[in-house]
Each structure stands twice: as structure tokens, then as C-alpha cells.
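Observations on chain architecture
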Amino acid sequence: MRLYDYLPSANGYKVRTLLKQLGLAYELVPVDIFAGESHTADFHANKNPDGRIPVLEPEPGRFLAESNAILLFLAEGTRFLPEDRFARAQVHQWMFFEQNAVEPNIGTARFWLLTGRQPLESDVLRNRIQNGERALATLERHLGKHPFLVEERYTVADICLFAYVHLAPEAGVALTPFPAITTWLERVKAQPGFLGPVPPYSANAHVR
Ligand SMILES: N[C@@H](CCC(=O)N[C@@H](CS)C(=O)NCC(=O)O)C(=O)O
């Protein structure tokens, strides 16, 4: 099994977390997204038409993109994905929320801030930060009543949401107004096989 990835990516971090917690061996294929390596003709044609990482190659010649699709594929039949139909749908609920409300706001604001692509005073950046705060307020309401996102236990939904939520301060979104999220982050970090910090962006992150 191969994972095409760029280590500072929190989308890739989700997948690497689950692979580690499942104890699965894999070959990491580094993709330099700032050198255009995810937009070659081969990458577009064979790996991901959207030109992004992470991409999983679970067996030679089969490629799966979208971090959350990869998480659900890998989690199938394991303790990280409930069997009960409704509980699974709740896992999906939070993973869709992540792609809709968390990643495009906190993920994009973090990327812009860390690579200097938007000035602090820009309206578009401020808008993403405000939407990120709104997403965290939603999570806070839920986590104030539950130790984990679904079924009171650790699932792929927690792996998925942890990735960008724990990086919120790097996106200009403070975590201090969200005590239930802060406690949940510690609970996730305490899980066996926790991956540790996301590596920083590399020196070439400012090139495009
Ligand atoms: N929704 C996708 C987003 C993937 C994504 O945005 N990947 C970024 C790195 S975090 C990337 O490959 N960017 C390169 C590009 O867009 O050219 C997922 O969850 O996997």
C-alpha cells in the first residue's frame, strides 16, 4: 500500500493517523505540491484528477483521493467505524461537516497565514476566520455533552475533525473560548498510537 502525501498537510495527517492506529504498513511517496508535482499529466490522469494529495494506492494501480473517503475505506470493518447504520451516518454527518465548515475555513486560513498568501487585514481571510469560529462553536455545543463525536467512543470522525481543529490557532482562530473542544483534543491525543505534531510547511511553501 502506498500513500502519496505532503507531510505538512493536515488532510494527509488524518490518513497517516489512522494507518498508524490500525498498525498498517505503507510506503510514503512524498509529493511536493509547491513544485507542481500533484499537477503533472500522470498525476491528473492516474492518481487524482483534482491534483491534490492525499492519494491512497491500496493495491497497485488503484488510486483513491479525498482524505475522508480514504479514512472511511481504511476504517471499514474496524473499531474506528461503527457497524450500526445510524451511528455510521452520524460519523458521515461529522465528516461532511468537516469538509464543509472546518477544512475550507480553518484549513484555508491556516494555509494563507503560514505561507503569506493573504495579508492579516484582508476581508477574505477575516471571513474564513469568522466561519471557522462559527464551526468551532457548533463543535463546542456537541462536545459539551459528549466525550467523542459519535457513540461516546473514538471513531474516524474524531481523527478527521482533530486534524484541522487542533491547528485552529495557526489559522488565527483561538481555542480558549472553547473548553469542551480543548478537553476533547486532549482525549484524542491520549489515544494509543497518536501521531504527534503535524510537520511545519517546508521552505518552498511560498513559491506559488
Ligand atoms: N478535500 C480534499 C482536499 C485536499 C487538499 O486540499 N490537499 C492539498 C494539501 S492539504 C493539496 O494537495 N494542494 C495542492 C493543490 O491544490 O495544488 C481532501 O480532504 O483530501
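As the structure is a prediction and not an experimental result, all values here were calculated from the model.

1. Some remarks on the packing of helix H1 (residues 10-22) against helix H3 (residues 67-75)
Relative orientation of the contacting elements H1 and H3 amounts to 10°, with a least axis distance of 9 Å. It follows that H1 is roughly parallel to H3 by the angle criterion. Seen from H1, the contacting residues are Asn11, Lys14, Val15, Leu18, Leu19 and Leu22; seen from H3, they are Ser67, Asn68, Ile70, Leu71, Leu74 and Ala75. Here the residues of the contact of H1 with H3 are counted per class, giving eight nonpolar, three polar and one charged.

2. A word on unusual backbone geometry
With an omega dihedral of 5°, the bond running from Ile53 to Pro54 counts as a cis peptide bond. Of note, Pro54 is situated in the loop between helix H2 (41-47) and strand E3 (55-59). Of note in the backbone geometry, Glu66 takes a positive phi value of approximately 75° without being a glycine. In this fold, Glu66 is placed in the loop between strand E4 (62-65) and H3. Residue Glu66 is classed as partly exposed on the basis of its relative accessible area, which comes to 44%. A positive phi angle, close to 55°, is found at Glu151, a residue other than glycine. If you trace the backbone, Glu151 turns up in the loop between helix H5 (123-143) and helix H6 (156-165). According to the relative accessible area criterion, Glu151 is partly exposed, its value standing at 38%.

3. Examining the site of the ligand
With respect to spatial proximity, 15 residues lie near the ligand, and among them His39, Ile53, Glu66, Ser67 and Gln99 are the closest. Measuring from an oxygen atom of the ligand, one finds a side-chain N or O atom of His39 at 2.7 Å. A distance of 2.8 Å separates a nitrogen atom of the ligand from a polar side-chain atom of Gln99. With the chains in place, 84% of the 510 Å² that the ligand exposes on its own is no longer accessible. One can see that the ligand is located within the largest pocket. Taken together, the residues of the shell around the ligand break down into four nonpolar, seven polar and four charged. Counting residues domain by domain, the shell around the ligand receives three or more from each of domain 1 (2-78 + 196-206) and domain 2 (85-189).

Criteria and cut-off values
- Residues numbered from 1 in each chain as written.
- Predicted model: local features only at pLDDT ≥ 70, side-chain atom pairs only at ≥ 80, totals over all residues.
- Heavy atoms only, no water.
- Axes fitted to C-alpha atoms, helices over the stretch in contact; angles between N-to-C directions.
- Helix = DSSP H or I, 4+ residues; strand = E, 2+ residues; numbered from the N terminus.
- Parallel < 35°, antiparallel > 145°, perpendicular 65-115°, else oblique.
- Contact = heavy atoms within 4.5 Å.
- Nonpolar A, V, L, I, M, F, W, Y, C, P; charged D, E, K, R; others polar.
- Buried < 20%, exposed > 50% of the residue type's maximum accessible area, 1.4 Å probe, protein only.
- Near = heavy atom within 4 Å.
- Polar contact = N/O pair within 3.5 Å; in protein donor to acceptor, adjacent residues only side chain to side chain.
- Areas by Shrake-Rupley, 256 points an atom, 1.4 Å probe, with all protein chains shown as cover.
- 1 Å grid on protein atoms, 1.4 Å probe; cavity = no way out; pocket = protein on both sides within 12 Å on 5 of 7 lines; lining within 4 Å.
- Sits in = over half its atoms within 2 Å of the grid points.
- Domains from an automatic or database assignment.

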